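Geometric and topological summary
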Amino acid sequence: MSTFHLIRKLWPFIRKYQRSLALALVLTMIGAVLAQVTPLVMEYSVNTVQGLLDKPVDRRQIIRIVGTLVAVLLGKEILSLGLTLWRSFLSDGIRFRLSGDLYNYTIGRIVSYHLTFFALSQNQTGKLEKRIDKGIESITKTIKNMFVDILPMLANAGLALALMYRKNVWVGAVATVLLPLYAYISRAQTLRQKSIRRNIQHVREEKTNALFGLLESIFVVKSFVREGYETNRQQVLNGSLVTNEITHHRTNYLFDGLKGIAEQVGIMAVFTLTIYFVLNHQMTVGAILLHIMLFNNVSAPVRHLHRIYDEYTEALTYSEGFFEMIETDGYLPKVGGVTSDSLHGDFTFEGVDFIYPNGKQALTNASFTVQRGRTTALVGLSGAGKSSAMNLLAGFYEPTRGRVLLDGRDLREYDADWVRENVGLVMQKNHIFAGTVEENIRYGWLDAKPEDVIAAAKKASLHEQILQMPHGYETQARELSGGQQQRIAIARLFLKNPPIIFFDEPTASLDAITTEQIKESIDAVKHNRTVLIISHNISQIMDADSIYVMSEGAIVAHGTHESLYLGGGLYRDIIDSNARTLNIGRLAATVLSSSRPEAVPA
Ligand code: ADP
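Here the structure is a predicted model, which means the values were calculated and not measured. (Residues numbered from 1 in each chain as written. Predicted model: local features only at pLDDT ≥ 70, side-chain atom pairs only at ≥ 80, totals over all residues. Heavy atoms only, no water.)

Points about the site of the ligand
Taken together, the residues surrounding the ligand are Tyr356, Asn358, Lys360, Ala362, Leu381, Ser382, Gly383, Ala384, Gly385, Lys386, Ser387 and Ser388. Glycine 383 is positioned such that a nitrogen or oxygen atom in its backbone is 2.7 Å from an oxygen atom of the ligand. Taking lysine 386, its side chain carries an N or O atom lying 2.9 Å from an oxygen atom of the ligand. Its free accessible area being 570 Å², the ligand has 67% of it covered by the protein chains. The dominant element in the shell around the ligand, judged by the number of residues it contributes, is helix α12 (residues 386-393), at three residues. The residue makeup of the shell around the ligand, split by class, is four nonpolar, six polar and two charged. (Near = heavy atom within 4 Å. Polar contact = N/O pair within 3.5 Å; in protein donor to acceptor, adjacent residues only side chain to side chain. Areas by Shrake-Rupley, 256 points an atom, 1.4 Å probe, with all protein chains shown as cover. Helix = DSSP H or I, 4+ residues; strand = E, 2+ residues; numbered from the N terminus. Nonpolar A, V, L, I, M, F, W, Y, C, P; charged D, E, K, R; others polar.)

Written as structure tokens, this is what we have:
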């Protein structure tokens, strides 16, 4: 990305600060003019003093000269300080406001993106966060560089150089020759440091990840007695970091030294050339001081060149990724799609293929229907594509081929938000936010009254258990057990009260008694809704009115429990395995015998 591109892309965000920006530029120019005052005053003073040396000078005259000098220089410094502060306040204000604006815009845009965006490898949690933070940080840093460093420096150096040329073309030319040399050394420094810094950053990230991983898996580390192995890994990473850091600093010292020499050579050249002109009676003695000070105004900004250049190239790189992220319209939800007051809730999958962004084909020519008022189940081994099918029904992803219809109309034609308002999802592991039980249930309907929250908790068989906790509904939800958290998710669903409900293995990680309670909660919510359930729990499958068996992304059988079982194949294998796992023969004998005590032989 070029500077021009960056500014063009930033313009919509910067536009509202254009008055402050214009003012900052004016202040910059005034600052540059003021910076030349000291050298000129010095020249004038030296020449005046030299003129006075031949005749006797009285004390009052000395006091007047020195007083004027101090007043002018001090006044200029105070004015300069005021201007610098004003310009810094202005540019900082723009920078931080712009950073806030960019952040709000980015978050607003990204949360509305389609899930496909989040499935891309460069957008996984952690990476996406970094993309946003680094992007905004680099862009705002560039704005700061531009107004606090680059422009004032360039203006200052440009004016000083112009003054030198005005005084004498040769002196100006000597000062100019130094600039490309300086720029060359700075560029070499940046290039050399770039790879070292990249290494440092890479090793730092690896070190942090390794440390996180170590702390996260400390239980496993200890149980396998791998403390020594882990410590060694950390030491290797740390060693690499130390080596890189040392190289980084040494390189800096070396290049800073080179730049120091270049600057001294410049000063010497300007100094000797001016002395030559003074001795030739072409210049006054004051010119020596003037030229040295002007040369300082030219070379001082150049000293920061490598840092600015460095930050700037980095900013351009990050900005590219940043704008690519916030400008991809393809992930935006369809606006102005169809909504309907008379949603029925019948879904149809028509020859659907679905391929994830990473290229994995999860569904192949899948066709099935999910009807309102009936419970439909998807059954199959892990990885068969059941959850993927459900994600397509909920509108989280779009089919690669084929269509998903809701009440006979392509799901893509509907307003995405409206569809999701009408769909409730309960998964195997539901996200519980940091916050109280009450807040977590209320997420289903943000305007719910406390009594609505309680009613939902009662329907999800959760209310009694909440009351037994010391803080009741104010208990931190993440402190609850897995089963209780699952019921929070179901209560959330009751509160949302959607006409379409999808369950994705809602009881997979729960004990038998909780599973039974949750099954009751689910049964209570089923009535007259569209219900799709994915489950490995036979009782939940058997109860379904319509069962689809999936294998490797395709629908391989369809029917009721009885018809599918009689038909044999995968469904029968799954049910038989379930029965064997449960040791159903022995289970049936014990359960039956204990419920008919008279049958037990004495
Ligand atoms: P099931 O729910 O039947 O266990 P899934 O629908 O979760 O199966 O997965 C079907 C296939 O798609 C699997 O091979 C799985 O690895 C793959 N898959 C699931 N989610 C993703 C994803 N987010 N990105 C890429 N591949 C995925």
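With respect to the packing of helix α2 (residues 18-35) against helix α6 (residues 127-167)
A packed helix pair is summarised by two numbers, namely the angle formed by the two axes and the spacing between the axes. Contact geometry of α2 with α6 gives a least axis separation of 9 Å together with a crossing angle of 40 degrees. When the axis of α2 is compared with that of α6, the two are oblique. Relative to α6, α2 is oriented so that their crossing is right-handed. From α2, Leu21, Ala24, Leu25, Thr28, Met29, Ala32, Val33 and Ala35 reach across to α6, where they touch Phe147, Leu151, Pro152, Ala155, Asn156 and Leu159. For the contact of α2 with α6, the per-class residue count stands at 12 nonpolar, two polar and no charged. (Axes fitted to C-alpha atoms, helices over the stretch in contact; angles between N-to-C directions. Parallel < 35°, antiparallel > 145°, perpendicular 65-115°, else oblique. Left-handed = near helix turned anticlockwise from the far one by under 90°. Contact = heavy atoms within 4.5 Å.)

Looking at the nonpolar core
Counting residues in each nonpolar core, the largest one holds 40 residues, and the members touching the most others are Val437, Ile441, Tyr473, Ile488, Phe503, Ile547 and Tyr571. Sorting elements by how many residues they give to this core places helix α17 (residues 482-496) first, with six residues. Here isoleucine 441 is in contact with Val453, Ala456, Ala457, Leu462, Tyr473, Ile488, Ala491, Arg492 and Leu495, once residues within four sequence places are set aside. (Core = buried A, V, L, I, M, F, W, Y, C linked by side-chain atoms within 4.5 Å. Buried < 20%, exposed > 50% of the residue type's maximum accessible area, 1.4 Å probe, protein only.)

Some words on unusual backbone geometry
Both trends apply: most residues other than glycine have a negative phi, and most peptide bonds are in trans. Of note, glutamate 505 is a non-glycine position whose phi angle comes to about 45 degrees, a positive value. Looking at where glutamate 505 falls in the secondary structure, it is placed in the loop between β7 (500-504) and α18 (512-526). Overall, the relative accessible area of 14% leaves glutamate 505 in the buried class. Positioned with a positive phi, asparagine 528 is a non-glycine residue whose angle comes to about 55 degrees. With respect to the secondary-structure elements, asparagine 528 resides in the loop between α18 and β8 (530-534). For asparagine 528, a relative accessible area of 46% puts it in the partly exposed group.

Things to note about the pairing of strand β3 (residues 375-380)
Burial analysis of β3 places six of its six residues in the buried class, which makes it a mostly covered element. Burial along β3 is two-sided: Thr375, Ala377 and Val379 and Thr376, Leu378 and Gly380, pointing in opposite directions, are all buried. Where β3 lies against β8, four bridges are found, and the strand directions are parallel. Bridge assignment links leucine 378 to a residue of β8, and that residue is isoleucine 534. Pairing of β3 with strand β9 (residues 546-551) involves five bridges; the strand directions are parallel. Its bridge partner being in β9, alanine 377 is matched across the sheet by isoleucine 547. (Pairing = 2+ DSSP bridges.)

Side note on the pattern of salt bridges
A complete count under the given rule lists 21 salt bridges for this structure. One salt bridge in this structure joins glutamate 413 and arginine 409, with 2.9 Å as the shortest N-O distance. The class of glutamate 413 is partly exposed, set by a relative accessible area of 34%. Judged by its relative accessible area of 34%, arginine 409 is partly exposed. (Salt bridge = Lys/Arg side-chain N within 4 Å of Asp/Glu carboxyl O.)

Comments concerning the environment of histidine 344
Structurally, the position occupied by histidine 344 is in the loop between α11 (305-326) and β1 (347-355). Relative accessible area serves as the criterion here: at 39%, histidine 344 is assigned to the partly exposed category. For the pair histidine 344 and arginine 529, spaced 185 residues apart in the sequence, the C-alpha separation amounts to 8.9 Å. Apart from the residues within four sequence positions on either side, histidine 344 is in contact with Arg372, Asp407 and Thr530.

Re the packing of helix α1 (residues 3-14) against helix α4 (residues 59-112)
Between α1 and α4, the shortest axis-to-axis distance is 10 Å and the interhelical angle comes to 95 degrees. Classified by the angle between their axes, α1 and α4 sit roughly perpendicular to one another. Residue-level inspection shows Leu10, Phe13 and Ile14 of α1 in contact with α4, the latter providing Leu98, Leu102 and Tyr105. Grouping the amino acids of the contact of α1 with α4 by side-chain chemistry returns six nonpolar, no polar and no charged.

Points about the sheet that holds β9
A sheet is described by the order of its strands in space; here six strands give the open sequence β6-β7-β8-β3-β9-β10, paired in mixed fashion. The open sheet is flanked by β6 (423-426) and β10 (554-559), the only strands paired with a single partner. In this sheet, adjacent strand axes meet at a mean angle of 20 degrees when their direction is disregarded. Packed onto the sheet, helix α21 (residues 569-581) meets β3, β9 and β10 and runs at close to 100 degrees relative to β9.

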